[in-house]
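Structure assessment
So the chains spell out like this:
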Amino acid sequence: MKSVDMPFAETEHLTFWYRGEDFLVGALQNLYFNMTYTGCYVCRNTFAIQRKNMDSILLLLTLEGRGKLRYQEQEYLMVPGSVMLINLWNPHEYHALEDGWTFKYLHFRGAMSREYQAYIENRFGPVFPLHRRIYLETEARLDTLYHAVEGEGRPDYAVVSGVIYSILTAFLSEDNTAGSAQKSAEAIRRAIAYITENYSRNITTQEIADAAFLSRSYMSELFVQTYGMPPHEYLTMYRLSHVKEILMNPGISVSEIAERTGFRDAFTLSRVFKQKFGISPTEYRKQMLE
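So, a few notes on the structure that sits alongside this text. Keep in mind that what you see is a predicted model, and the values were worked out from it rather than measured.

Where nonpolar side chains cluster on the molecular surface, the patch consists of Met248, Met288 and Leu289 and spans about 230 Å² of accessible area. When you line up the elements, Met288 lands in helix 11 (residues 281–289).

Here the focus is the sheet that holds strand 5 (residues 57–64). The seven strands are arranged 1-2-3-10-5-8-11 in an open sheet whose pairing can be described as antiparallel. The open sheet terminates on both sides in strands that have one partner only, identified here as strand 1 (9–10) and strand 11 (127–129). Relative to the sheet, helix 2 (residues 132–149) contacts strand 2 (14–21), strand 3 (34–43), strand 5 and strand 10 (101–109), its axis offset from that of strand 5 by approximately 115°.

Turning to helix 11, a few remarks are in order. Restricting attention to buried positions, one finds in helix 11 the residues Pro281, Tyr284 and Arg285. For helix 11, the buried positions fall inside an angular range of 100° around the axis, keeping them on one side. For helix 11, the exposed residues lying more than 90 degrees away from the buried face are Thr282 and Lys286. On the buried face of helix 11, the contacting elements are helix 8 (231–246), helix 9 (254–260) and helix 10 (266–277).

One pass over the full model with this rule turns up 14 salt bridges. Residue Asp55 pairs with Arg114 through a salt bridge whose shortest N-O separation is 3.3 Å. A residue pair is termed long-range when its members are at least 10 positions apart, and Asp55 in the loop between strand 4 (48–51) and strand 5 and Arg114 in helix 1 (residues 113–124) qualify at 59 residues. Between Glu256 and Arg260 there is a salt bridge, and its shortest N-O distance comes to 2.9 Å. Of this pair, Glu256 and Arg260 both sit in helix 9, four residues apart, which is roughly one turn of the helix. The class of Arg260 is partly exposed, set by a relative accessible area of 39%. One network of salt bridges, in which partners are shared, links Lys68, Arg70, Glu75, Glu93 and Glu245.

Here the focus is helix 1. Along its 12 residues, helix 1 runs 16 Å from first to last C-alpha, staying within 8% of the 16 Å computed at 1.5 Å per residue. When we look at burial in helix 1, the residues that qualify are Ser113, Tyr116, Gln117, Ile120, Glu121 and Phe124. Down the axis of helix 1, the sector holding all buried residues measures 125°, keeping them to one side. Immediately downstream of helix 1, the backbone of Gly125 shows phi near 95°, a positive value.

Criteria and thresholds
Residues numbered from 1 in each chain as written. Predicted model: local features only at pLDDT ≥ 70, side-chain atom pairs only at ≥ 80, totals over all residues. Heavy atoms only, no water. Patch = residues over 30% accessible without salt bridge, like charges linked within 9 Å, V, L, I, M, F, W, Y side chains within 5 Å. Areas by Shrake-Rupley, 256 points an atom, 1.4 Å probe, with all protein chains shown as cover. Salt bridge = Lys/Arg side-chain N within 4 Å of Asp/Glu carboxyl O. Helix = DSSP H or I, 4+ residues; strand = E, 2+ residues; numbered from the N terminus. Pairing = 2+ DSSP bridges. Contact = heavy atoms within 4.5 Å. Axes fitted to C-alpha atoms, helices over the stretch in contact; angles between N-to-C directions. Buried < 20%, exposed > 50% of the residue type's maximum accessible area, 1.4 Å probe, protein only. Arc of directions from axis to C-beta. Expected span 1.5 Å × (residues − 1).

In C-alpha cells form, the structure reads like this:
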C-alpha cells in the first residue's frame, strides 16, 4: 500500500500515508461534486474522532482492521469490504477498535452530495458491504482523486466531480444491489440491529439468525463474506468495544462490566479480552488512565 510518491507522517494516534486537500470556490462549488480532503490513515487503537455541524459528506473505505461508528443513535462496525457514507452535519464519532485499522477516505460536498448520501443511507444504512468489484473500483477511484490534488497546480474540477459521481452511482448499480445481494444486505442489517439492541444479554447465534430471518448456517456464511468473521466473533468484538469504553471509568469493577456487556463473569471477560488484545482489562485500564 505504501508508495514512494505518497508522503507519510506519524502522529500520536495514527500514521497517514498520504493526504491531500483542495477547496473549490466560486460559481462551480455548488454545481460540481468537489472534494475537500482525501487520504489514507493507518490508526493506532487510541485513534478517535468526534464532531458535528461540519458541512461535508464523508466516505470511508476500510481496508484492514476494525473501527466502530456511532451515528444517529446506532453503532456500526467497520471492517474490510465495507464503506461508511455519512453526513458530517449530524453528530457522529468513530474510533479504532485495534491497532492497524486502515482506511481511505474522502470528504466532499456540492452538487447533490447531501441528496445522494441521504438516499444511500436510507437504502443501505450508513455502513454497508460492497460487492468485491465495486469495492476495488472505489479504492482505485479514491487513489485517482488523491493524485488529482497531489501536484502544485489546480485539479480539473470537472474530472474530480465525475469521479465522485461515478463512486456514488456505483453504490447504487445493479451489480452492487440486485437480487440476492440486496436481500443479504438487508438480512445482515437486521442481524446487526438485533446484536446492537441485545448484546448485554446472553444471546445465541440462533437468536440472531431468527431475527434476520435466516438459517444459522447461511447467516454465518454471510457474516464471513461481509465482515470476515462468523457472527459469534462479531458479537464478541462488539461487546469488547463497549468493555474498552467502560474501562475508562475507574469506578466500575470488571465484574460489573462483564454483567453489563453480556459476559458470563469477570473471569470469562478477562480471558477473552487478553486473547484479543494481549493484556488483561485491568492492565488496559491502567495503561489508558496513566
